[in-house]
Amino acid sequence: MSTFDYLVVAAGLVAQMLAWRSVSRGKREVLSVVPFVLAAMGVVAIVLYPDTTAKASAGEAALVGAASGVVFWGATRLFVIVADRWAFFRKAVAAAYGQASDTPLARELLLSLLLAVPGEELFWRGFTQQSLALTGIGAAGAALVAWVLYVVANLPSRSLPIITAAVVAGFLWGVLGWWSAGVVAPLASHILWTGLMLALPPKAAGPVESA
C-alpha cells in the first residue's frame, strides 16, 4: 500500500465515524446521511481496488456468501429472542429501531442494499482488506486490521445493535474476504443478512436499522 492508500483508509474511517456521530447526536437521520457516505466510500474503493487474484470463483464466492448470510440471519433472530429478556438490551434495540419504524420498507431496502451495504463492503472488505493483504502482514493480518477499523468506524453510532453487528458480522465478512481473497462473498453475505433483517425482522425487535 502506498502512503496515499493509507490516507484514503484513514479518510474513510473518519468519514464513517462523523456520519454516525451526526446520527447519534440527533443532527441527522440514519438514512439521510450514512448510506450516502458509505456509497461515496464505495466509489473511491472501486477506483483504487488493488489488482488481486481471487481464490474462489465469483459463483462459488456468491453461493458461500449468500448461504452464510441466511445462516447468520437465523442466528441473529435467535440471539434477539434470547437477549430480549434483558431490559438494557430491549431499551437499546428500541432506540435503534425508532427511526426505522417510521421509514417505508422499500426506501430502507433501496438505500441499504444499493448504497450502504455495497459501499461498506467495497471499502472495508474490498479496498482496505485486500490492499493490506498485499503488505507484510498477509491476508490473515489484513482481515484482522480491517475488522478492527470497521468496528471503530461504527463506534460513534453509540448503538448496541450497530456495534454488535460490526463486531460479529464484521468478523464473519472479514473471514469471507480472507477465504475468497475478494469482495463477492462478504458482499453477498451482507446483502442477504441485511435484506432479511429488514424484510423479516426478529419478532422481538420489529424493523431493523441496517448496519
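Please read these numbers as outputs of a predicted model, since none were measured by experiment.

### Looking at the nonpolar core
(1) Moving on: Counting 35 residues, the largest nonpolar core has Val34, Phe123, Trp124 and Trp193 as the members making the most contacts within it.
(2) Moving on: Breaking this core down by element, the ones donating at least two residues are helix H1 (3-24), helix H2 (30-48), helix H3 (58-83), helix H5 (105-132), helix H6 (138-154), helix H7 (160-180) and helix H8 (184-199).

### Some remarks on H2
(1) Moving on: With 19 residues, H2 should reach 27 Å at 1.5 Å per residue; the first-to-last C-alpha distance of 27 Å fits that figure.
(2) Moving on: Every buried residue belonging to H2 is among Val30, Leu31, Val33, Val34, Pro35, Leu38, Ala39, Met41, Gly42 and Ala45, and all of these are buried.

### Focus on the packing of H5 against H8
Each pair of packed helices can be summarised by the angle the axes make with each other and by the distance between the axes.
(1) Moving on: Orientation of H5 relative to H8, taken along the N-to-C sense of each, is 155 degrees, at an axis distance of 10 Å. Between H5 and H8, the crossing angle belongs to the class labelled roughly antiparallel. Between H5 and H8 lies a crossing whose hand is right-handed. Only Pro186, Leu187, His190, Ile191, Thr194, Gly195, Leu198 and Ala199 of H8 make contact with H5, whose side of the interface consists of Leu105, Glu108, Leu109, Ser112, Leu113, Val117, Pro118, Glu120, Glu121 and Arg125.

### Describing the packing of H1 against H2
(1) Moving on: Between H1 and H2, the least distance of the axes is 9 Å, while the angle of their chain directions is 170 degrees. If you check the angle between H1 and H2, you find them roughly antiparallel. Contacts between H1 and H2 involve Phe4, Val8, Gly12, Ala15, Gln16, Ala19, Trp20, Ser22 and Val23 on the former and, on the latter, Val30, Val33, Val34, Val37, Leu38, Met41, Val44 and Leu48.
(2) Moving on: Residue classes in the contact of H1 with H2 are distributed as 14 nonpolar, three polar and no charged.

### Digging into the pattern of salt bridges
(1) Moving on: Considering all chains together, one arrives at one salt bridge under this definition.
(2) Moving on: Between Arg125 and Glu121 there is a salt bridge, with its nearest N and O atoms 2.7 Å apart. Taken as a pair, Arg125 and Glu121 lie in helix H5 at a separation of four residues, close to a single helical turn. Here the two residues Arg125 and Glu121 agree in accessibility, since each one is buried.

Reading the values: rules and limits
- Residues numbered from 1 in each chain as written.
- Predicted model: local features only at pLDDT ≥ 70, side-chain atom pairs only at ≥ 80, totals over all residues.
- Heavy atoms only, no water.
- Core = buried A, V, L, I, M, F, W, Y, C linked by side-chain atoms within 4.5 Å.
- Buried < 20%, exposed > 50% of the residue type's maximum accessible area, 1.4 Å probe, protein only.
- Helix = DSSP H or I, 4+ residues; strand = E, 2+ residues; numbered from the N terminus.
- Expected span 1.5 Å × (residues − 1).
- Axes fitted to C-alpha atoms, helices over the stretch in contact; angles between N-to-C directions.
- Parallel < 35°, antiparallel > 145°, perpendicular 65-115°, else oblique.
- Left-handed = near helix turned anticlockwise from the far one by under 90°.
- Contact = heavy atoms within 4.5 Å.
- Nonpolar A, V, L, I, M, F, W, Y, C, P; charged D, E, K, R; others polar.
- Salt bridge = Lys/Arg side-chain N within 4 Å of Asp/Glu carboxyl O.

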